[in-house]
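Architecture at a glance
The primary structure of each chain is shown beneath.
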Amino acid sequence: MTMTDFGMPPQQAGGQPRVSHSESSIPTGSRSTGRALVQLKAGISGEVREPLVAMGHQVKSGVSAFGGYQSIWRMEELLRYSWGAGPRKVGCAIGC
């Protein structure tokens, strides 16, 4: 989303603050019975937190691991590739 919506290159996109959303309805058809939980990692301001709470979400500061990030982006015009890896853990983007 940060690459397509905000035009960030993969390396910059991977370094942005992270969000985890859980405990809500899922695509398999299972319905949630409680409020959705949104965990916000460091770097996400109260300006983001407050509207989420107003919408009924449980909002907590994230303390769990959100996974890793590696990305390769193929740009068609002037065929070229751009890549990035998240700064939070060891990893690299490899393609052929």
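This is a predicted model, so every value here is computed, not measured. Each chain has its residues counted from 1, following the order in which its sequence is written. Note on the predicted model: pLDDT of at least 70 is required for a residue's local features to be given, and 80 or more for side-chain atom pairs to be given and counted; whole-chain, interface and lining totals, by contrast, use all residues. With hydrogens and water excluded, all non-hydrogen atoms of the structure serve as input to the side-chain values.

Within this scheme a cavity is a closed region of a 1 Å grid, computed over the protein atoms alone, that accommodates a 1.4 Å probe without allowing it to escape, whereas a pocket is open but has protein on both sides within 12 Å along at least five of seven lines; lining residues each have an atom within 4 Å of a point. Grid points are joined across faces, edges and corners, and a volume is the space filled by probe spheres set on the points. Here the structure, examined in full by the defined rule, presents 1 cavity of 30 Å³ or more. Every residue lining the largest cavity is listed: Arg18, Gly67, Gly68, Tyr69, Gln70, Gly86, Arg88 and Lys89. Each residue belonging to the lining of the largest cavity can be placed in one class, and the counts come to 1 nonpolar, 4 polar and 3 charged. All amino acids are sorted into three groups, where Ala, Val, Leu, Ile, Met, Phe, Trp, Tyr, Cys and Pro are nonpolar, Asp, Glu, Lys and Arg are charged, and the leftover types, Gly among them, are polar.

Each reported salt bridge corresponds to a side-chain nitrogen of Lys or Arg within 4 Å of a carboxyl oxygen of Asp or Glu. Counting across every chain of the model gives 1 salt bridge. We note a salt bridge from Arg74 to Glu76, for which the minimum N-O separation is 2.8 Å. On the basis of relative accessible area, Arg74 is assigned to the partly exposed category, the value being 45%. Type-normalised accessible area, obtained with a 1.4 Å probe on protein chains alone, sets the label of each residue: buried when under 20%, exposed when over 50%, and partly exposed for intermediate values.

Despite not being glycine, Leu78 has its phi angle at roughly 55°, a positive value. Numbering of helices and strands starts at the N terminus; helices are DSSP runs of H or I of at least 4 residues and strands are runs of E of at least 2. Here Leu78 lies in the loop between β4 (70-75) and β5 (80-85). Overall, Leu78 belongs to the exposed group, its relative accessible area being 69%.

Here we take up the pairing of β4. The pairing criterion for strands is at least two bridges between them, as found by DSSP. When β4 meets β5, the two strands line up antiparallel, connected through 6 bridges. The partner of Trp73 across the bridge, within β5, is Ser82. Hairpin connection of β4 to β5: 4 residues between the antiparallel strands, including Leu78 at a positive phi of 55°.

This part is about the sheet that holds strand β3 (residues 58-61). On the basis of which strands lie adjacent, the open sheet formed by 3 strands has the order β1-β2-β3 and mixed pairing. Because the sheet does not close on itself, it has two edges, and the strands there are β1 (19-22) and β3. Along the sheet, successive strands turn relative to each other by an average axial angle of 20°, direction set aside. In this analysis, axes come from line fits to C-alpha atoms, helices being fitted only over the stretch in contact, and the angle between any two N-to-C directions falls in the range 0 to 180 degrees.

On the surface, Ile72, Leu79, Tyr81 and Trp83 cluster together into a nonpolar patch covering about 460 Å² of accessible area. Mapping Ile72 onto the fold places it in strand β4. Take Ile72: its relative accessible area is 39%, and that puts it in the partly exposed class. Only residues above 30% relative accessible area that lack a salt bridge enter a patch, with like-charged residues linked at up to 9 Å and the nonpolar side chains Val, Leu, Ile, Met, Phe, Trp and Tyr linked at up to 5 Å. The protein chains shown are the only cover counted for residues, whose accessible areas, like all others here, come from Shrake-Rupley with a 1.4 Å probe.

Alternating positions in strand β2 (residues 37-40) separate into two faces, Leu37 and Gln39 on one and Val38 and Leu40 on the other, with burial throughout. Relative to β3, β2 is paired through 4 bridges, and the arrangement is parallel. Directly across from Val38, in β3, lies its bridge partner Val59. With its strands directed away from the observer, a crossover is right-handed exactly when the path from the first strand over the helix to the second travels clockwise. Of the crossover connections in this fold, the one passing from β2 over helix α3 (residues 46-54) to the parallel β3 is right-handed.

The next point concerns the environment of Leu52. Mapping Leu52 onto the fold places it in helix α3. Here Leu52 falls in the buried class, since its relative accessible area comes to 18%. A C-alpha to C-alpha distance of 8.2 Å links Leu52 and Val38, two positions 14 residues apart in sequence. Contacts are assigned to residue pairs with any non-hydrogen atoms lying within 4.5 Å of each other. In this view, Leu52 contacts Val38, Leu40, His57 and Val59; residues no more than four positions away in its chain are not counted.

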